[in-house]
Each structure stands twice: as C-alpha cells, then as structure tokens.
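# Architecture and fold: a report
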Amino acid sequence: QVQLVESGGGLVQPGGSLRLSCAASGRFFSINGMGWYRQAPGKQRELVATITAGGTTNCADSVKDRFTISRDSAENTVYLQMNSLKPEDTAVYYCNALIRATWRSNTNQYWGQGTQVTVSS
C-alpha cells in the first residue's frame, strides 16, 4: 500500500521559514509528478507547487518568490522550502503524488494526511 508521510509543519512568526517534507513509501513502480496543496479554514484546497519527474517546477503566483519545491527521486521524497512566511500562508499543507503501482497500471493520485502550518506572531 502506498503512503505519503508529511513532516515539518508547525508554528512560525511572520517572515520566518519552514521546510516541509513528504516521503512516499510502499510498493510501486514509479512516481510521476509530486506536489503540495494547501487548504485554509473556510477555503478550497489550492495548488501551491508541483514538480515533474524530470524536475520541471510550477508554483502558484502567491508563493512564487518565496517557496521552492524540490525532490529527491532516489528517496521518493518531495520538499517545500517556505521563506518569508505570511499569516495568509496559514493552512493545512497536503502532499500529492501521481504513482503507478505496476508497469501495467494506470497512474493514480495519492494524498498525504496533511501538516498544519501556522504563521502568527
């Protein structure tokens, strides 16, 4: 069974930094894209950043100059470095991955359990 396990959330003051990690575990054939989404109270889940298997990245305009997504394909792990955090970045952050269980199977989408990021003084 494939699992995505996130870590690195917490409470940080405005202007501070956090680094989120998400590791994929279990048995699978390959991981295609990976990414981060977030959901603030009362709002819909929104895309933060994605990265393809080839390393091409995409970031939401609201975080483009502050957040950086990266991945370690050997460790099946994706990271989100968040700098210059603002109160409006407060949300539950979810890891997402597109995974093929076997060489013959389709790509399925998996989600982590979410990690809380709170930006407050």
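The text that follows walks through the structure, step by step, so that each part is easy to find. These numbers were taken from a predicted model, which means no experiment stands behind them. (Residues numbered from 1 in each chain as written. Predicted model: local features only at pLDDT ≥ 70, side-chain atom pairs only at ≥ 80, totals over all residues. Heavy atoms only, no water.)

## Observations regarding the pairing of strand β8 (residues 77–82)
In terms of residue burial, β8 counts as a mostly covered element, since five of its six residues are buried. Examined bridge by bridge, strand β3 (residues 18–25) and β8 share six bridges and lie antiparallel to one another. Each bridged residue has a counterpart across the sheet, and for L20 the counterpart in β8 is L80. Here strand β7 (residues 67–72) runs beside β8; their pairing, made up of six bridges, is antiparallel. Residue pairing for β8: I69 is matched across the bridge by L80. (Buried < 20%, exposed > 50% of the residue type's maximum accessible area, 1.4 Å probe, protein only. Helix = DSSP H or I, 4+ residues; strand = E, 2+ residues; numbered from the N terminus. Pairing = 2+ DSSP bridges.)

## What to know about the packing of aromatic side chains
The tally for this structure, following the rule as stated, stands at one aromatic pair. For the ring pair Y37 and W111, a centre distance of 5.1 Å and an interplane angle of 70° mean the geometry is edge-to-face. Separated by 74 residues along the polypeptide, Y37 in strand β4 (residues 30–39) and W111 in strand β10 (residues 107–111) bring together distant segments of the chain. W111 sits in the partly exposed class, given a relative accessible area of 35%. The ring of Y94 has R45 lying over it, and the distance from NZ or CZ to the ring centre is 3.7 Å. (Phe/Tyr/Trp six-rings, centres within 6.5 Å; stacked < 30°, edge-to-face > 60°. Lys NZ or Arg CZ within 6 Å of the ring centre and 35° of its normal.)

## Points about the pattern of salt bridges
Summed over the entire model, instances satisfying the criterion amount to four salt bridges. A salt bridge links K64 to D61; the nearest nitrogen and oxygen atoms lie 3.1 Å apart. Notably, a salt bridge pairs R66 with D89, separated by 2.7 Å at the nearest N-O pair. Here R66 is found in the loop between β6 (57–59) and β7, whereas its partner D89 is found in the loop between β8 and β9 (91–100), with 23 residues between them in sequence. (Salt bridge = Lys/Arg side-chain N within 4 Å of Asp/Glu carboxyl O.)

Don't take any of this as a statement about function, it's just geometry.
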